[in-house]
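# An overview of the molecular structure
These are the residues of each chain, in order.
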Amino acid sequence: MKFRILGAVVAAATGLTLTSSGGAVAVGNEALTRDLDAILADGGLKGADVGITVRDANTGEVVYTRSGGRRSQVGSNLKVLTTTSALDLLGPDFRWKTELQSSGAQNGSTLNGDLVLRGTGDPTMSAARYKALADSLKAKGVTSVSGALVLDDTAFDSQPYGLGWAWDDEPYAYSAVTSALTLSPDAKFSAGTVVVTASPGASPGAPAQVSVFPPNDQLQIVNTATTGDDGVSIERDHGTNVVRVSGSTTSDASALVTVTDPTAVVGSVFRNALEQNGIQVQGGVRKGKAPQGAAVLASDQSMTLGQVMNPLLKNSNNMITEALVKTAGGSFTNGVNQLSRKWAGLGVDANWVEIFDGSGMSRMDEIAPDDLASIFVKARTKPWFGVWQSSLPVAGRDGTLVNRMKGTKAEGNVVAKTGSMSGVSALTGYVTTQAGRQLVFSIVQNNLVLWFNPKTIEDQVAVRLANDGGAQVMSTPTPKTQAVPQQRKAPAQKPTKVPAKERFDVECSWVNAC
């Protein structure tokens, strides 16, 4: 079902009409126009839709545009809108809370009544921090709970995925369930997942050993893997918590695996933590809502939202982003509506975008390069700008841009957000030219053939902008296209398998390639 975004914004006049095709340039930038037009004439873009906007970062003046007002899918570039509006709405000092509550009284070492574990959506919550909550209860002298362990995840609704998400992405860490009670098993805060590790046995051919972190009773492991060097596969069956481990391995091999119900996993992990502290729960585990007026027995706070920006943007973390949406409004729909109240101040007219989630995973999301560029211009006026800008990937240095534009004038200069989906690629960010001019650029590519690497186009545009105003501007050669796994062969090429680090349909951080 389609929902309407609340509010409307009148687009600011730029003094230059944006055209749906061709280039519009400031006076004296004919060379830049010629070079950018040449880059966008690459044969690999035949039949594709490409939009690009380049603006002065200080004035908003349009330097170059080509179909910049055309709405498109932008993949993870949508995180630009979500993070900036969340910083405006929630503030950079916002923290998630996870609490132990009870309406019962403690009598000696027994807590009479239920023990409630209430989450508010903290995507950074870990098994260690859940254990710390259990430790706090032990410190109060509690060794028995007469009632149940109640898991309160009602801060968010029960819709697990965003509208328009692909069903076949469900087993992967970048497409986990968004829950108000969740945990992250790794330093990148991959909320809604666990780590499954296959370890070799004592001798060749011996069964591999499989472990799960954090340990829980929700996953069913089907292990047929052995000790050998053929490679191991760790995959979850669609719609279930059955994880199949097959193949062979001579060293530890780990994979992040999503779970169908993060709340249930948290319940298992937390009950284990209670038992490790000698605390017995007599009434089992169930889901429910904390009673009004329940006392807070122990509390945990996350890092600040400003601090969360770094792992979110550097690693293009989908699950932190979706937690922000539901934190804003309790559901995807209302969360987007609440965030949309801040879009006017970011130069985005809510009447002319279609947004259904926070991460850009939905194929129904549509926003134009003009809008993305406006956000980067307006963000510079915000009190949280320094924290936000420093969290964006830097070309050739870190995040999802760590392997791109190395050895060029863009390295260490371009600060930008990437976006990648099958048939979709985008890059929006800041660049300082050789003449010292600060620019904002946004390039969005849709309807791409899958054998063509769109990142080469984005990099050439960014490098050309970085070189602008220099004594000599060297043209950037177009790299040869490559075939990629499970995709059609490129014209006049044999299909060849390439490493995961060269995949174009996902963010490199999602496949541990950057």
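Residues numbered from 1 in each chain as written. Predicted model: local features only at pLDDT ≥ 70, side-chain atom pairs only at ≥ 80, totals over all residues. Heavy atoms only, no water.

### Comments concerning the sheet that holds strand 16 (residues 280-281)
Backbone-to-backbone hydrogen bonds join strands into a sheet, with any given pair of strands oriented parallel or antiparallel. Worth spelling out the cut-off: In short, DSSP must find at least two bridges between two strands for them to pair. Strands are runs of DSSP state E lasting at least 2 residues, helices are runs of H or I lasting at least 4, and numbering of each runs from the N terminus.
Strand order in the open sheet made by the four strands is 4-5-7-16, with mixed pairing throughout. Sheet topology places strand 4 (106-107) and strand 16 at the edges, where each strand pairs with a single neighbour. Note that strand 5 (residues 110-111) and strand 7 (residues 144-145) share two bridges and pair parallel. Bridge pairing in strand 7 places Thr-110 opposite Ser-144.

### Concerning the nonpolar core
Stated precisely, the cut-off is as follows: Buried Ala, Val, Leu, Ile, Met, Phe, Trp, Tyr and Cys residues that are joined via side-chain atoms within 4.5 Å together make up what is termed a nonpolar core. Relative accessibility thresholds used throughout: buried, under 20% of the residue-type maximum; exposed, over 50%; partly exposed, between the two (1.4 Å probe, protein chains only). Only heavy atoms matter for contacts: two residues are in contact if any of them lie within 4.5 Å across the pair.
Core analysis: the largest hydrophobic core is formed by 45 residues, its most contacted members being Leu-81, Met-309, Trp-343, Trp-388 and Tyr-430. Secondary-structure elements contributing two or more residues to this core are helix 2 (78-90), helix 5 (305-314), helix 6 (318-329), helix 7 (332-340), helix 8 (369-379), helix 9 (385-390), strand 20 (424-432) and strand 21 (438-446). If one sorts the elements of this core by residue count, helix 8 sits on top with six residues. Once you skip the residues sitting within four places of it in the chain, Trp-388 turns out to touch Val-80, Thr-83, Thr-84, Leu-87, Met-309, Leu-313, Phe-376, Ala-379 and Tyr-430. In this structure, Ala-134, Val-257, Val-259 and Phe-270 belong to the second largest nonpolar core, which totals 37 residues.

### So, the packing of helix 2 against helix 6
What counts here: Orientation is described by axes fitted as lines to C-alpha atoms, over the contacting stretch for helices, and by angles from 0 to 180 degrees between their N-to-C directions. What sets the label is the angle itself: under 35 degrees gives roughly parallel, over 145 gives roughly antiparallel, 65 to 115 gives roughly perpendicular, and the rest give oblique. Crossings are classed by handedness, with left-handed meaning an anticlockwise turn of the near helix from the far one by less than a right angle and right-handed meaning a clockwise turn. In the scheme used here, Gly and all other residues not listed as nonpolar or charged are polar, with Ala, Val, Leu, Ile, Met, Phe, Trp, Tyr, Cys and Pro taken as nonpolar and Asp, Glu, Lys and Arg as charged.
Look at helix 2 against helix 6: their axes get within 10 Å of each other, and the N-to-C directions meet at 45 degrees. With respect to helix 6, the element helix 2 is oriented oblique. Our pair here, helix 2 against helix 6, has a crossing hand that is left-handed. Between helix 2 and helix 6, the contacting residues are Lys-79, Thr-82, Ala-86, Leu-89 and Leu-90 on the first element and Asn-318, Thr-321, Leu-324, Val-325, Thr-327 and Ala-328 on the second. Grouping the amino acids of the contact of helix 2 with helix 6 by side-chain chemistry returns six nonpolar, four polar and one charged.

### Description of the state of the cysteines
This is how it is decided: Note that a disulfide, as used here, is simply two cysteine sulfur atoms within 2.5 Å.
Within this structure, the stated rule accounts for one disulfide. For Cys-508, the disulfide goes to Cys-514, at an S-S distance of 2.1 Å. Torsion about the S-S bond of the Cys-508 and Cys-514 cystine: about 90 degrees, corresponding to right-handed handedness. The buried category is assigned to Cys-508, whose relative accessible area is 18%.

### Considerations on the sheet that holds strand 10 (residues 209-213)
One open sheet accounts for three strands, arranged 10-9-15; its pairing is antiparallel. Strands at the two margins of the open sheet, each flanked by one partner only, are strand 10 and strand 15 (253-258). Averaged over all pairs of adjacent strands, the angle between their axes in this sheet comes to 25 degrees, without regard to strand direction.

### Considering the environment of Leu-163
Secondary-structure assignment places Leu-163 in the loop between strand 8 (149-152) and strand 9 (193-199). Among the residues examined, Leu-163 registers a relative accessible area of 28% and is labelled partly exposed. Counting along the chain gives 200 residues from Leu-163 to Arg-363, while the straight-line C-alpha distance between them is 8.3 Å.

### Concerning the pattern of salt bridges
For clarity, the cut-off: The term salt bridge refers to a pairing of a side-chain nitrogen on Lys or Arg with a carboxyl oxygen on Asp or Glu at a separation within 4 Å.
Counted according to the given criterion, the structure contains 23 salt bridges. Ionic pairing is found between Asp-300 and Arg-129, a salt bridge with its closest N-O pair at 2.6 Å. In this pair, Asp-300 sits in strand 18 (residues 295-301) while Arg-129 sits in helix 3 (residues 127-139), placing the two residues 171 residues apart along the sequence. For the residue pair Asp-300 and Arg-129, the accessibility class agrees, reading buried in each case. One continuous salt-bridge network, built from bridges that share partners, spans Arg-34, Asp-35, Arg-464 and Asp-468.

### Section: helix 5
Counting buried positions along helix 5 yields eight of ten residues, so the element is predominantly enclosed. Here helix 5 has its buried residues at Leu-305, Gly-306, Val-308, Met-309, Pro-311, Leu-312, Leu-313 and Lys-314. Contact partners of the buried residues in helix 5: helix 2, helix 6, helix 9 and strand 19 (415-421). In the stretch just after helix 5, Ser-316 is the one whose phi turns positive, near 50 degrees.

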